[in-house]
Amino acid sequence: MFTNWKTTLAGIGAVLLALGHLVTTVSTGSFGFETLSADLAAIVAGIGLLFGKDWNITGGSKPNAT
């Protein structure tokens, strides 16, 4: 987790934007299944980015550290 600042930043951004959108739709009363499913997908994608690694981390272009 947090192996590269680029994927970490993208993951945090995706989660925060989805949560912000979810809060906005609930507070305005326009909450529905489509909104929930889209925001849930964005949150899962953001979590995936947080745990992801880039090509230049172990297994990519850098040798495995011992």
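Refer to the structure printed above.
I will try to describe carefully the structure that is included in this document. (Residues numbered from 1 in each chain as written. Predicted model: local features only at pLDDT ≥ 70, side-chain atom pairs only at ≥ 80, totals over all residues. Heavy atoms only, no water.)

What to know about the overall build of the protein
Assigned secondary structure in the protein consists of two helices and zero strands. A buried classification covers 26% of the 66 residues belonging to the protein. Accessible surface, the protein: about 4,700 Å² in total, of which carbon and sulfur atoms supply 73%. (Helix = DSSP H or I, 4+ residues; strand = E, 2+ residues; numbered from the N terminus. Buried < 20%, exposed > 50% of the residue type's maximum accessible area, 1.4 Å probe, protein only. Areas by Shrake-Rupley, 256 points an atom, 1.4 Å probe, with all protein chains shown as cover.)

What about a nonpolar patch on the surface?
The grouping of I12, L16 and L19 at the surface amounts to a nonpolar patch, some 260 Å² of accessible area in total. Mapped onto the secondary structure, L16 falls in helix α1 (residues 5-28). (Patch = residues over 30% accessible without salt bridge, like charges linked within 9 Å, V, L, I, M, F, W, Y side chains within 5 Å. Salt bridge = Lys/Arg side-chain N within 4 Å of Asp/Glu carboxyl O.)

Section: the side chain of T35
Relative to the assigned elements, T35 resides in helix α2 (residues 33-51). Relative accessible area serves as the criterion here: at 15%, T35 is assigned to the buried category. Dropping the residues within four chain positions of it, T35 is found in contact with H21, T25 and S30. (Contact = heavy atoms within 4.5 Å.)

Brief notes about α1
Compared with an ideal rise of 1.5 Å per residue, which puts 24 residues at 34 Å, α1 spans 34 Å between its outermost C-alpha atoms and is within 8% of the ideal. What α1 keeps buried is the set T7, T8, G11, V15, A18, L22 and T25. (Expected span 1.5 Å × (residues − 1).)

Some words on the packing of α1 against α2
Where α1 contacts α2, the two axes come as close as 7 Å, and the packing angle between them is 160°. When the axis of α1 is compared with that of α2, the two are roughly antiparallel. Crossing of α1 over α2 shows left-handed handedness. Along its contact with α1, which presents T7, T8, A10, G11, I12, A14, V15, A18, L19, H21, L22 and T25, the element α2 presents T35, L36, D39, A42, I43, G46, I47, L49 and L50. (Axes fitted to C-alpha atoms, helices over the stretch in contact; angles between N-to-C directions. Parallel < 35°, antiparallel > 145°, perpendicular 65-115°, else oblique. Left-handed = near helix turned anticlockwise from the far one by under 90°.)

Examining α2
With 19 residues, α2 should cover 27 Å at 1.5 Å per step; its first-to-last C-alpha distance of 27 Å lies within 8% of that length. Of all the positions in α2, only T35, D39, I43, G46 and L50 are classed as buried. Mapping the buried residues of α2 onto a view down its axis gives an arc of 60°, with all of them on the same face. Exposed positions of α2 whose direction lies more than 90 degrees from the buried face are F33, E34, L40, V44 and F51. On its buried face, α2 is in contact with α1. (Arc of directions from axis to C-beta.)

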